[in-house]
Amino acid sequence: MKIVQKNLPEVSKYWREQQAYGMAILARLPAEHALDAIRSRAPEQGFQSVVAMNADAAYFSERGTDNRARIVRREFETGKESVVWVARDQRWPVKISLSSDKKRAAILLSGINADVLLITVTESDAEPLTLKDADVRTAMLWVNGGSSFVYQPRRDSRLSQELHFIQLEKNDRVPKVIKRWDYHQDSKVTVVASQSSKSALTWVESDADGRILNIHSASIGALEKNTPVWSRQKAPAGKILRLQADQSTFLVLENGQRQVWEVSGTPRKVWQDELTKTPLVYAVDGKNFWINDAGGDMVRISAEGKKTQKLSLPDAYRPDLALPVNDRVAVFAHNKDGAEGWVFLQDGRSAEWLQLPSVSTDVFMSEWRGRQVWQKHKTAGMRILTASDLELDGKQPVLLTTQMIADAGMPPVWRGWLKKGGVIAQLDLRKVSSGATLSVMDEAVEWLKHEGFGASGVVIYAVSDQQLVMEYLLRMPGKITAAYVSGLPDTRLQTGKVVGAGKSRETARGDLYDLLRRETAYPGLWLDSAGAVDASEHLKLVGAMQLLTKGVRPQFWTQGTLAEKSSENGQAGILAFLLWQTGGLSLKSVPPATK
């Protein structure tokens, strides 16, 4: 029977008892220790350095003395440095793309609604052109030397996707829509541009496994005349190992061999070898491409498939990333001892180390860093955040969240968690179908444990996807240590695929409390309902967990107790609860459970 009237005497009494039990736990949390972490020196915002190069100079991002990001140009021959761009707010560059005429650069800025800035690097005072709301995976393509630019704006996935083209040499700088297509969550689109006399734009659609579904191409000349004609090309068979959304039209496939195809116009295979399992480092300069061989050396191959150059890295170094610079190649490399850095390789000359920012797979942050580490599911991803000086040994507790926010908007709870030595895992479910989210969350938790994270516990911080989190806690109570859930809009289950013993199965419609089982050790739970909502079902759910659990972790409910959740005290209370559940803090005394 559902509780729908809290004015009944027995219900009102139970309501008050539950609220008092929750408040008693909060009163015994040593929140002052958590408050210290939240109040400590405000961290600098997340910042990742990016590097781009042309034949004359390297361009890299760094943080200036005023804490704003800037882009610096360093000439190769003289070492002279000059600032070509300074941010006007607290965002920073995520990607830099240079035009082949050396006059312009495109900068993709951080943030959920990312912008692309088109700047003139030869005129530092020139006003940049802002292209609003770019897709963070956007193609940033200079065509015709740098007179035109192609990019993909962010659009709702329910709408058709678009590719935009803008001509900078003309007074009319309004982007033109040159292609539309329907969005599919299991497919990926990559756009590349050739720079030859017969310059063309190529649009490649692939499935979640990297197999090519469609290739369309159109001439740049037709785009400039606003008369695009897209021709469908025959797609080569194989799985994409690399296709960069840049000036390259070289596609690397795994098809029994490692193959390189040129996909401007009619695709043609230009090179292959047998090294399908060799880690791939691939770079292009328009007419040639660089690729690594079995020994880790860099090999330059012409568009006709002929090896023209072979350059060796210093002993014991292996390449992570390569950027071509005419007859040279700049390689970001590392060795087994952890040393890393940029090195220039040029035929006939000794390797030359460059003093440039690191761009390894770790995102460099002043106080913490992040890394894209989990791509097992077709449409999901996970990002790991840790303190920059933290040595991961598996003992750190993990805070799992589906809240995808920029580092600059990181809530104080997260900052305090990192300062206390915890790890944060941001699980991106935005493109996962609703029927698969529960399975993906379970895969993420299993991945974390397999990789050695969370030996002292995995907790969930849920201010979104609350119904999903509660269903996961009840279906798989042994996998999570505790959860803070802010609000629970719906207790009804959704139909979809869920994981279980053996094969996945269909869920049955019902309520969350239908999933409760006797003699089960449930995770710790703080369910905090908003003061204005009817929380009768939330109260019933938590009370049932208290009655049925055989574990020692508390499940409690509060309503309206944290009116200012964003305040320091409110955030410190949440952090203290999560730290307590993972062994980071001890209660002053433990109140008895109300059952």
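Definitions and limits used
Residues numbered from 1 in each chain as written. Predicted model: local features only at pLDDT ≥ 70, side-chain atom pairs only at ≥ 80, totals over all residues. Heavy atoms only, no water. Pairing = 2+ DSSP bridges. Helix = DSSP H or I, 4+ residues; strand = E, 2+ residues; numbered from the N terminus. Axes fitted to C-alpha atoms, helices over the stretch in contact; angles between N-to-C directions. Salt bridge = Lys/Arg side-chain N within 4 Å of Asp/Glu carboxyl O. Buried < 20%, exposed > 50% of the residue type's maximum accessible area, 1.4 Å probe, protein only. Core = buried A, V, L, I, M, F, W, Y, C linked by side-chain atoms within 4.5 Å. Contact = heavy atoms within 4.5 Å. 1 Å grid on protein atoms, 1.4 Å probe; cavity = no way out; pocket = protein on both sides within 12 Å on 5 of 7 lines; lining within 4 Å. Points joined across faces, edges and corners; volume = space filled by probe spheres on them. pLDDT = per-residue confidence, 0-100. Parallel < 35°, antiparallel > 145°, perpendicular 65-115°, else oblique. Left-handed = near helix turned anticlockwise from the far one by under 90°. Nonpolar A, V, L, I, M, F, W, Y, C, P; charged D, E, K, R; others polar.

Q: Honestly, the sheet that holds strand β17 (residues 239–242) in this entry has me stumped. Any pointers?
A: Whenever strands of a sheet pair, they do so through backbone hydrogen bonds, lying parallel or antiparallel. Across the sheet, which stays open at both edges, the 4 strands sit in the order β17-β18-β19-β20 with antiparallel pairing between neighbours. Two strands close off the open sheet at either side, each with one partner strand: β17 and β20 (268–273). Strand-to-strand twist across the sheet, computed as the mean angle between neighbouring axes with direction ignored, equals 35 degrees. Here β17 pairs with strand β18 (residues 250–254) via 3 bridges, running antiparallel. Within β18, the residue paired with Arg 242 across the bridge is Val 252.

Q: Explain the pattern of salt bridges to me, please; I cannot follow it from the model alone.
A: Across all of its chains, the model carries 17 salt bridges by this definition. The salt bridge involving Glu 471 is made with Arg 475; its shortest N-O contact spans 2.8 Å. Highlighted residues: Glu 471 and Arg 475, both in helix α6 (residues 466–475), separated by 4 residues, approximately one helical turn. Residue classification places Arg 475 among the partly exposed residues on the basis of a relative accessible area of 22%. Bridged by salt links that share partners, the residues Asp 89, Arg 91, Asp 115 and Lys 132 form one connected network.

Q: What is the right way to read the nonpolar core from this model?
A: One recurring pattern in soluble globular proteins: nonpolar side chains tend to sit buried together. Core analysis: the biggest nonpolar cluster contains 49 residues, and Leu 400, Leu 448, Ile 460, Leu 516 and Leu 525 have the highest contact counts within it. A per-element tally of this core places helix α5 (residues 437–450) first, with 7 residues. When residues no more than four places from it in sequence are discounted, the contact partners of Ile 460 are Leu 400, Met 441, Val 469, Leu 473, Ile 480, Ala 482, Ala 483, Tyr 484 and Leu 578. Formed by 31 residues, the second largest nonpolar core is a distinct cluster that contains Leu 385, Tyr 484, Trp 526 and Ala 576.

Q: Quick question: what am I supposed to make of the pairing of strand β37 (residues 524–529) here?
A: It is a general feature of regular strands that their side chains alternate between the two faces of the sheet. Summarising burial for β37: 6 of the 6 residues are buried, a large majority. The side-chain alternation of β37 yields two buried faces, one formed by Gly 524, Trp 526 and Asp 528 and the other by Leu 525, Leu 527 and Ser 529. Here 5 bridges tie strand β34 (residues 482–486) to β37, and the two strands are oriented parallel to one another. Across the sheet, the residue bridging to Tyr 484 is Trp 526, located in β37. Strand direction decides the pairing type here: β37 and strand β38 (residues 555–559), joined by 5 bridges, are parallel. Its bridge partner lying in β38, Leu 527 is registered against Trp 557.

Q: Please explain empty space enclosed by the protein as it appears in this structure.
A: In this approach the atoms are scanned with a rolling probe the size of a water molecule, which exposes any empty space left behind. For the structure shown, the criterion picks out 2 cavities of 30 Å³ or more. Taken as a whole, the largest cavity holds about 40 Å³ of empty space. Together, Arg 328, Phe 344, Leu 345, Gln 346, Arg 349, Ser 350 and Glu 352 line the largest cavity. For the lining of the largest cavity, the element with the most residues is strand β27 (residues 340–346), which contributes 3 residues.

Q: Whenever I open this one, the confidence of the model for the protein chain confuses me. Can you help?
A: If pLDDT is low for a region, its predicted coordinates should not be looked at in detail. Residue-level pLDDT values for the protein chain average 78, and 80% of them are 70 or greater. Contacts of residues 1–8 to residues separated by more than four positions or lying in other chains number 14 contacts, the stretch itself having pLDDT below 50.

Q: Would you mind showing me how to read the environment of Val 204 here?
A: Relative to the helices and strands, Val 204 resides in strand β14 (residues 200–207). In the structure, Val 204 is positioned 10 residues away from Asn 214 in sequence and 5.9 Å away in space, judged by C-alpha atoms. Contacts of Val 204, omitting those with residues within four sequence positions, involve Lys 188, Val 189, Thr 190, Ile 212, Asn 214, Ile 215 and Leu 243.

Q: So what exactly am I meant to see when it comes to the packing of helix α4 (residues 412–419) against helix α8 (residues 568–581) here?
A: Helices that pack against each other are described as a pair by the angle of their axes relative to one another and the distance between those axes. The contact between α4 and α8 brings their axes to 9 Å, and the two run at 40 degrees. By the angle between their axes, α4 is oblique relative to α8. Regarding α4 and α8, the two cross each other, and that crossing is right-handed. Facing Pro 412, Val 413, Gly 416 and Trp 417 of α4, the residues of α8 in contact are Gln 571, Ile 574, Leu 575, Leu 578 and Leu 579. Partitioned by chemical class, the residues of the contact of α4 with α8 number 7 nonpolar, 2 polar and no charged.

Q: What am I meant to see in the packing of α5 against α6 here?
A: The contact between α5 and α6 brings their axes to 10 Å, and the two run at 65 degrees. Along this stretch, α5 crosses α6, giving a crossing that reads as right-handed. Touching Thr 437, Leu 438, Met 441, Asp 442 and Val 445 of α5 are Leu 468, Val 469, Glu 471, Tyr 472 and Arg 475, all from α6. Its residues placed into classes, the contact of α5 with α6 shows 6 nonpolar, 1 polar and 3 charged.

Q: Would you mind showing me how to read the environment of Val 331 here?
A: Of note, Val 331 is situated in strand β26 (residues 328–335). Sequence separation between Val 331 and Val 343 is 12 residues; the distance between their C-alpha atoms is 5.4 Å. For Val 331, the contacting residues outside a window of four places in its chain are Met 298, Leu 313, Pro 319, Leu 321, Ala 322, Gly 341, Trp 342, Val 343 and Leu 345.

Q: Got a minute to help me understand the side chain of Gln 309 in this structure?
A: Here Gln 309 shows up in strand β24 (residues 307–311). Given the relative accessible area of 9%, Gln 309 is considered buried. Apart from the residues within four sequence positions on either side, Gln 309 is in contact with Trp 290, Met 298, Val 299, Arg 300, Asp 327, Gln 346 and Asp 347.

Q: Could you clarify how one ought to interpret the sheet that holds strand β6 (residues 104–109) in this entry?
A: Sheet architecture is open: 4 strands sit in the order β5-β6-β7-β8, paired in antiparallel fashion. The outermost strands of the open sheet, each flanked by one partner alone, are β5 (93–98) and β8 (129–134). On average, each strand axis in the sheet is inclined to that of its neighbour by 20 degrees, with strand direction left out of account. Two strands pair when backbone bridges link them, and strand β7 (residues 114–120) and β8 are joined in this way by 4 bridges, in the antiparallel orientation. Across the sheet, residue Ala 114 finds its bridge partner in β8, namely Ala 134.

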